[in-house]
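Coordinate inspection notes
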Amino acid sequence: MNDLPRRPEDDHGEIIEPVEFRPASPDEWRPPSRLRPAMFVTIALLAGLVLVAYFLVTARPVLLTFSPEAESVSIRGGLTLPVGERILMRPGSYRVVAEREGYHPLDESLELIRGEDTLFAFEFRPLPGLLDVTSEPVAGARVLVDGADAGVTPLEELELEPGSYDIVIQADRYLPKQQTVEIEGRSQRQRLDATLSPAWANIRLKTEPEGAEISLADGTVIGTTPAEFELLQGAHVLTAKLDGYKAWQQELEVVAGQDQQLDPVRLERADGLLMISSRPAGATVTVDGNFQGRTPLEVQLAPGRSYQVDLFRPGYTRVRRDVRIVSGAEQRLAVDLPAELGDIRIDVQPADAMVLVDGREQGRADQTLSLPAVAHAIEIRKEGYVAYRTSVTPRPGFPQEISLRLQTVEEARRASIRPVIQTAADQEMRLLRPGPFTMGASRREPGRRANEVLREVTLTRPFYLSTTEVTNAAFRKFAAGHDSGSWEGHSLNGDRQPVVNISWQEAARFCNWLSERDGLPPAYVIRNNRVVGFDPESTGYRLPTEAEWEWAARVKDDGSQLRFPWGESMPPPERFGNYADRTIANLLGRTIMGYTDGAMVSATVANYGANHHGIYDLGSNVAEWVNDFYAGSSEDLPSDVVDPLGPDGGEYHVIRGASWMHGTITELRLTFRDFGRDGRNDVGFRIARYLE
């Protein structure tokens, strides 16, 4: 094998000579030769074929239908290709624009979504139709289309959408013309010619004598007889008037187009007018025995004869007059009625009081009045006194007398005060008028406690006090769920037993609730459901003050004061009140030896006799909350006080009176004072309120 390199000349027989290398100059550079145009055409055709293929693959055949058939259709928004009845369109948004003569142009959007229906239906909306309307025999008639005003005739080219319309044509003095018109639309012109019928009729009227003025009910004058005139259809009232004659009047029903000849009318001579008055007015008037009314009045009477006119009024003499009536004339009859008088003697104290009769002053009351024999309102009055009013009918020949003494305003006020009232909770309350008395007990009195300070008190304000303690039934109207409980198996919760186991706060809130029920101002100030103040000027319900309670329990009508509810010494009379008696001696430590009251625990209210003021169980049955805060020393309980309310504040409130659990001298005395805050099974309450 020959490993020597071959020489160039060995292949071609030529020797390649080396030449010197020289870099090209920029001036010598030339761009490459251009592609030939045929190559561009080929590329474009290929690209077009690709796009067409892509369009054919992705497009969907879409069928567009029009009702009625469209005359021209264009689709905007993308490439489309008609293929027979369908159009190839790619998914996307398009606008379809179509036209047909006589219809509104159609311009709607079309959304083509892959995989959904490719059938789209469109409907042309017809153009409005044109309607011409005329009316005969008058133009200017009002045209209503389905009730809407469309103008007046002649009416040209009224545009109406296709459909059925109710056309009404109206003109004054003509009957309305109504017609249903079917509008075809598509700009087609239609015509409606309406002939209107008269809405009146011709009326002919003659009177004897002639020359009467004819008018309608509204006063419109339409002619003079003999007359022929037009009246619109409907009901009319015709009136014919002629001086010196009665007016003629007739109701007439007119039918359009039906003329009427009315029967001749013979006018009657006019009545005379008689104007009757009397003094005093209000007299009853009869003419020939027929009632006409009361004076003053006017009466129309037929002329040419005389009439008998009677006037009468209670308390006055009857008057009769004969009157001749003249045709068409106004005549007057004025009569003074003679009074039938009776005497009324007025005897009044004080004598300088004034008397009024029927609202008119007659002078001093000390006199005799002569008055017509009719009912009179008598008033007797004087400043500072309550006026007296009555009604009196004088009787001629039978004198009468009014004798009385006027009450002062204060006397009348006191007389009007009710001594007994009833509350909304069915509690009876009695009015008490207290005065000065001595509260507390002497230090030498057996059983006295240190807090029974002796002091002088004056009560000036009358007050009402409930005759019984508040019962369970009454309290449950305020607090429906309250239960007074029981003691040793004996119930304290009966409806007629006094309510117990309630705090002072609950008792005060009951008072405000009852005031609201009876429309009275509240006595207690309550915030957050707690009593925080008291209004001494209120006339609402409240607890009695301690001074009021002791006065009602101790002070008798003669001013003497009791030591015990029954008197001055022990023991109480049998069954006088409810105390700790021998029936519960085995349950209580201290009882009244040998005494029986018939009750183991609290008794029904008013089970025992009332005291000297008509108050029940005051000092027995259950002890009672009163209004005052508790104070036990003489420094806190001053003497010589007027209408005391107790201390301004404190932790406890006063409890007064004995209960069914008390049996000692200390507890049974009416000056016994206890105190507390919470409820107990032997403590209840009663209510009070100021008169003014």
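Residues numbered from 1 in each chain as written. Predicted model: local features only at pLDDT ≥ 70, side-chain atom pairs only at ≥ 80, totals over all residues. Heavy atoms only, no water.

**Overview of the overall build of the chain**
Within the chain, the regular secondary structure consists of seven helices and 52 strands. For a compact globule of 692 residues, the expected C-alpha radius of gyration is about 26 Å, and the chain comes in at 60 Å, more than 25% above that figure. Burial analysis of the chain (692 residues in total) assigns 42% to the buried set. Across the chain, the fraction of contacts at a sequence separation of at least 24, relative to all contacts at a separation of at least 6, is 57%. Entry remark: accessible area of the chain is about 38,600 Å², with carbon and sulfur atoms responsible for 49%. In the chain, the 75 positive side-chain charges and the 101 negative ones have mean positions that sit 8 Å from each other. (Helix = DSSP H or I, 4+ residues; strand = E, 2+ residues; numbered from the N terminus. Rg over C-alpha atoms; globule rule 2.2 N^0.38 Å. Buried < 20%, exposed > 50% of the residue type's maximum accessible area, 1.4 Å probe, protein only. Contact = heavy atoms within 4.5 Å. Areas by Shrake-Rupley, 256 points an atom, 1.4 Å probe, with all protein chains shown as cover. Lys, Arg positive; Asp, Glu negative; His and termini not counted. Charge placed at Lys NZ, Arg CZ, Asp CG, Glu CD.)

**Regarding the packing of aromatic side chains**
Tallying each qualifying case throughout the model produces 20 aromatic pairs. Ring geometry for Y174 and W200: centres 5.5 Å apart, planes at 75 degrees, overall edge-to-face. With a gap of 26 residues between them, Y174 in the loop between β12 (163–170) and β13 (177–183) and W200 in strand β15 (residues 200–205) connect regions that are remote in the sequence. Seen in terms of ring centroids, F475 and F685 are 6.4 Å apart; in terms of plane orientation they differ by 80 degrees. Their pairing is edge-to-face. Here F475, found in helix α4 (residues 472–478), pairs with F685, found in strand β51 (residues 683–685); they are 210 residues apart in sequence, far enough to count as distant. F685 shares its class with F475; the two are buried. Members of the aromatic cluster, joined through ring pairs, are F475, F478, F510, W513 and F685. Lying over the aromatic face of Y690, R542 brings its terminal NZ or CZ to 3.9 Å of the ring centre. (Phe/Tyr/Trp six-rings, centres within 6.5 Å; stacked < 30°, edge-to-face > 60°. Lys NZ or Arg CZ within 6 Å of the ring centre and 35° of its normal.)

**Here we look at the layout of surface pockets**
Approximately 440 Å³ is the volume found for the largest pocket. Every residue lining the largest pocket is counted, 20 residues in all, and those nearest its centre are W504, N627, F629, D648 and H653. Of all elements in the fold, only α5 (504–517), β46 (530–534) and β47 (623–629) reach the threshold of two or more residues within the lining of the largest pocket. Top element by residues in the lining of the largest pocket is β46. It accounts for five residues. Residues belonging to the lining of the largest pocket are distributed by class as follows: eight nonpolar, seven polar and five charged. Its boundaries defined by the atoms lining it, the second largest pocket holds a volume of some 240 Å³. In this structure, the second largest pocket is lined by 17 residues; those nearest its centre are D426, Q427, T468, T471 and R496. (1 Å grid on protein atoms, 1.4 Å probe; cavity = no way out; pocket = protein on both sides within 12 Å on 5 of 7 lines; lining within 4 Å. Points joined across faces, edges and corners; volume = space filled by probe spheres on them. Nonpolar A, V, L, I, M, F, W, Y, C, P; charged D, E, K, R; others polar.)

**Overview of the nonpolar core**
In this structure, V470, F510, Y524, L543, W625, F685 and I687 are the most contacted members of the largest nonpolar core, which totals 31 residues. Contributions of two or more residues to this core are made by β39 (428–432), α4, α5, β47 and β51. Here the element with the most residues in this core is α5; it accounts for seven residues. The next biggest cluster of nonpolar side chains, apart from the first, holds 22 residues, and it includes M439, L459, A547 and I615. (Core = buried A, V, L, I, M, F, W, Y, C linked by side-chain atoms within 4.5 Å.)

**Re the sheet that holds strand β37 (residues 400–405)**
With mixed pairing, three strands are arranged side by side in an open sheet as β34-β31-β37. Strands at the two margins of the open sheet, each flanked by one partner only, are β34 (367–372) and β37. Going from strand to strand, the sheet's axes swing by 25 degrees on average, the running direction of each strand aside. Bridge count between strand β31 (residues 341–349) and β37: six bridges; the pairing is parallel. (Pairing = 2+ DSSP bridges. Axes fitted to C-alpha atoms, helices over the stretch in contact; angles between N-to-C directions.)

**Details of the pattern of salt bridges**
Summed over the entire model, instances satisfying the criterion amount to 34 salt bridges. R142 serves as the salt-bridge partner of D149, at 3.1 Å between the closest nitrogen and oxygen. Of the charged contacts, one joins K246 and E268 as a salt bridge, the two residues approaching to 3.8 Å between their closest N and O atoms. Of this pair, K246 sits in the loop between β20 (234–241) and β21 (248–254) while E268 sits in the loop between β23 (265–266) and β24 (272–279), and the two are 22 residues apart along the sequence. The class of K246 is partly exposed, set by a relative accessible area of 30%. (Salt bridge = Lys/Arg side-chain N within 4 Å of Asp/Glu carboxyl O.)

**Thoughts on the sheet that holds β21**
Across the sheet, four strands lie side by side as β18-β17-β20-β21; this open sheet has antiparallel pairing. Each having just a single partner strand, β18 (221–224) and β21 make up the two edges of the open sheet. Adjacent strand axes in the sheet meet at a mean angle of 25 degrees when their direction is disregarded. Here strand β17 (residues 213–215) runs beside β20; their pairing, made up of three bridges, is antiparallel. Bridge assignment links S215 to a residue of β20, and that residue is T239.

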